[in-house]
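# Commentary on secondary and tertiary structure
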Amino acid sequence: MKAGRSGEDRRPLLLSNDSVDAAIELEGGMMPVFALRRPSGRINVHWLPPFRLPAARAKDGGLLGHIAGDFLCCPNFGPECGVDGEILPPHGWTANDEWRLESFRADSAEARCDLSLDARSPGMPLSWRRRITVLEGQNAYYSLTAVRNRGEAALHVNIGHHNTVGPPFLEAGCRISLAADRFMTAPEGTEFDATGRLEMGAEFEALGSAPLRGGGVADLREVPGLIGSTDFVTGAVPGKSALGWSCVVNPRLKLAYLCLFPGEAALPSGEIALSFNDLWMQYGGRRFEPWAPAPGAPDRTFCLGTENATGAFASGLSYSLGLPRLLGRPTTVRVEGGAEARLCYAAALVEIGQELLAEGVRDAEAEEGGLVLKGGKAFQRFRLEADFGSLRSALGWPGP
């Protein structure tokens, strides 16, 4: 197990075991690298946008100057907005501010870092502490987050992980599956009005039948490639689920990228069950900078956000407060004064056998010390802490 700093310009923290590398930057808590080592070479699945290069970064000092891979969004999930006189930056302070490194260590069992952050706002006195860890023998990183309200009055917040995959892992023909029983496209009046192919504000029951603006349906289960559209779909995680999950499979690589979090049915007191599996399908619909090299030029930015959040679409905390429930699920998390709410989360890279690959991943189930991915008849077991039990214990958090 290894924990160290890389020699790159941004000098991220690097957590590694024998099979995976996970890099974390203190600025915005970005994770630009989550990579699997294979004999043929290392595959980084996380998105690294071309406009993140130093020259472009100097041009845009905001979130788009350092956005990449996975990052925590709180107390806002979406664009800049105002709440009770406070201006919240896009995706919250957790995605924009510099995190403090509290500790950094590795031994034979794990490599981990502990981070902390305080909100730069007296009107919303929030603090965050996070542990990000890579365990021996597991192709995953785990993120354990506590959101503390230092004030006396209860606060409502958005919270989510903005996981985004890109090339070389993401390509046409990748397959998407996730835990959700109701879906809805972004409504009219969002950033997707001029970029999308999907009908706005439409509810539907399956990823294979998303309504198009011009009539007919699209099968969102298969990534089409760079087709000139950018859309957003939210899927409600069923309240009866013990595990929330999303999965992107690259059939050519026989590799699956998984996002995992506790569902409401297995939630200990004081923890958060994320309400939605969101798909940000950035397939080339933004003909403006920095997504395109010049205004009106083709957008060559290709990535897929498999985002997991409690928030109304990606429209921000103010919008969520005005729409407290969506598709039957809550859009905010209430944090009582002087208390904290905790979130367990994981992302994993697993190699898929031919039988499961042929049937497709249809379900995921946590068991003690493991995860089962299911197709029709085929299934595979993986060594992953999908029940988060031992991780909670290590922090002294209560179990289910």
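Preceding this section is the structure that the text describes.
The paragraphs below set out a description of the structure included in this document. (Residues numbered from 1 in each chain as written. Predicted model: local features only at pLDDT ≥ 70, side-chain atom pairs only at ≥ 80, totals over all residues. Heavy atoms only, no water.)

### Re the nonpolar core
Nonpolar side chains in soluble globular proteins tend to end up buried together. Our working rule: To qualify as a nonpolar core, a set must consist of buried Ala, Val, Leu, Ile, Met, Phe, Trp, Tyr and Cys residues joined through side-chain atoms within 4.5 Å. Relative accessibility under 20% of the residue-type maximum defines a buried residue, over 50% an exposed one, and the middle range a partly exposed one, all with a 1.4 Å probe and only protein chains included. Only runs of H or I of at least four residues qualify as helices and only runs of E of at least two qualify as strands under DSSP, and these elements are numbered from the N terminus.
Ranked by internal contacts, the top residues of the largest apolar core, which has 71 residues, are Phe-34, Trp-128, Tyr-141, Ile-159, Leu-220, Tyr-257 and Leu-304. With five residues, strand 29 (residues 340-351) is the largest single contributor of residues to this core. Counting residues in each nonpolar core, the second largest holds 31 residues, with Ala-140, Cys-247, Cys-344 and Ala-378 among its members.

### Some details on the environment of Pro-90
Filter applied, for reference: Here, two residues are considered to be in contact whenever any of their heavy atoms come within 4.5 Å of each other.
In this structure, Pro-90 sits in the loop between strand 8 (86-88) and strand 9 (100-106). With relative accessibility at 27%, the residue Pro-90 sits in the partly exposed group. It is 13 Å that separates the C-alpha atoms of Pro-90 and His-66, two residues lying 24 residues apart in sequence. If we ignore the near neighbours within four places in the chain, the residues touching Pro-90 are Leu-63, Asn-76, Gly-78, Pro-79, Glu-80, Ala-95 and Asn-96.

### So, the sheet that holds strand 16 (residues 175-178)
Let me state the cut-off plainly: Two strands qualify as a pair provided DSSP detects at least 2 bridges between them. In this analysis an axis means a line fitted to C-alpha atoms, helices contributing only their contacting stretch, and an angle means the value between N-to-C directions, from 0 to 180 degrees.
With antiparallel pairing, the eight strands of this open sheet are ordered in space as 9-10-11-12-29-23-22-16. Pairing within the sheet leaves two strands with one partner each, and these edge strands are strand 9 and strand 16. Across the sheet, the axes of successive neighbouring strands diverge by a mean angle of 10°, strand direction being ignored. Pairing between strand 10 (residues 110-118) and strand 11 (residues 126-135): nine bridges, direction antiparallel. Across the sheet, residue Asp-114 finds its bridge partner in strand 11, namely Arg-131.

### Describing the packing of aromatic side chains
Convention followed: Centres within 6.5 Å make a pair out of two Phe, Tyr or Trp rings, where for Trp the six-membered ring is used; the pair is then stacked when the planes are under 30 degrees apart, edge-to-face when over 60, and tilted otherwise. Placement of a positive charge over a ring is assigned whenever Lys NZ or Arg CZ falls within 6 Å of the ring centre and within 35 degrees of the normal to the ring plane.
For the structure on display, the rule yields 13 aromatic pairs. Between Trp-47 and Phe-51, the aromatic rings sit 6.1 Å apart at their centres with planes inclined by 75°, giving edge-to-face as the arrangement. A network of ring pairs unites the aromatic residues Trp-47, Phe-51, Trp-280 and Trp-291 as a single cluster. Against the face of Trp-99 rests Arg-130, its NZ or CZ located 5.8 Å from the ring centre. Over the ring of Trp-291 we find Arg-286; its NZ or CZ atom is 4.5 Å from the centre of that ring.

### Observations concerning empty space enclosed by the protein
To be explicit about the condition: Two kinds of site are reported from a 1 Å grid over the protein atoms alone, namely cavities, where a 1.4 Å probe fits but cannot get out, and pockets, open sets with protein on both sides within 12 Å along at least five of seven lines, and residues are called lining when an atom falls within 4 Å of a point. Grid points are joined across faces, edges and corners, and a volume is the space filled by probe spheres set on the points. Three categories are distinguished: nonpolar for Ala, Val, Leu, Ile, Met, Phe, Trp, Tyr, Cys and Pro, charged for Asp, Glu, Lys and Arg, and polar for the others, with Gly belonging to the last.
Here the structure, examined in full by the defined rule, presents one cavity of 30 Å³ or more. The calculated volume of the largest cavity comes to roughly 40 Å³. Lining the largest cavity, in full, are Thr-185, Ala-186, Phe-192, Leu-198, Glu-199, Met-200, Arg-213, Asp-231 and Phe-232. Residue composition of the lining of the largest cavity, grouped by class: five nonpolar, one polar and three charged.

### Some details on the pairing of strand 22 (residues 243-250)
Residues in a regular strand point their side chains to alternate faces of the sheet. The element strand 22 is largely enclosed, with a buried count of eight among its eight residues. The two faces of strand 22 match: Leu-243, Trp-245, Cys-247 and Val-249 on one face and Gly-244, Ser-246, Val-248 and Asn-250 on the other face are all buried. Of the strand pairs in this sheet, strand 16 and strand 22 are connected by four bridges, and their pairing is antiparallel. What sits directly across from Arg-175, in strand 22, is Val-249. The pairing of strand 22 with strand 23 (residues 255-262) spans eight bridges and is antiparallel. In the strand pairing of strand 23, Ser-246 is matched with Cys-259. If you look at the hairpin formed by strand 22 and strand 23, you'll find four residues sitting between the two strands, and Lys-254 has a positive phi there, around 55°.

### Thoughts on the sheet that holds strand 32 (residues 379-382)
If you trace the three strands from one edge of the open sheet to the other, you get 30-31-32, paired in antiparallel fashion. Where the open sheet ends on each side, the last strands, each with one partner, are strand 30 (363-367) and strand 32. Across the sheet, the mean angle separating the axes of adjacent strands is 20° when strand polarity is ignored. As defined by bridge partners, strand 31 (residues 370-374) adjoins strand 32 across four bridges and the pair is classed as antiparallel. Looking across to strand 32, one finds that Leu-373 is bridged to Gln-380.

### Some thoughts on the pattern of salt bridges
Selection criterion: Salt bridge, as used here: a side-chain nitrogen of Lys or Arg that lies within 4 Å of a carboxyl oxygen of Asp or Glu.
Counting across every chain of the model gives 23 salt bridges. The partner of Arg-52 in a salt bridge is Glu-25, with the nearest N and O atoms 2.4 Å apart. Note that Arg-52 is positioned in the loop between strand 5 (41-44) and helix 1 (54-59) and Glu-25 in the loop between strand 3 (20-24) and strand 4 (33-38), a separation of 27 residues in sequence. Arg-52 sits in the buried class, given a relative accessible area of 8%. When its relative accessible area of 5% is taken as the criterion, Glu-25 is described as buried.

### Quick notes on the environment of Trp-93
Along the chain, Trp-93 turns up in the loop between strand 8 and strand 9. Along the backbone, Trp-93 and Ala-119 are 26 residues apart, and their C-alpha atoms lie at a distance of 6.4 Å. The residues contacting Trp-93, other than those within four sequence positions of it, are Cys-74, Pro-75, Ile-87, Leu-88, Leu-117, Ala-119, Arg-120, Ser-121, Met-124 and Trp-128.

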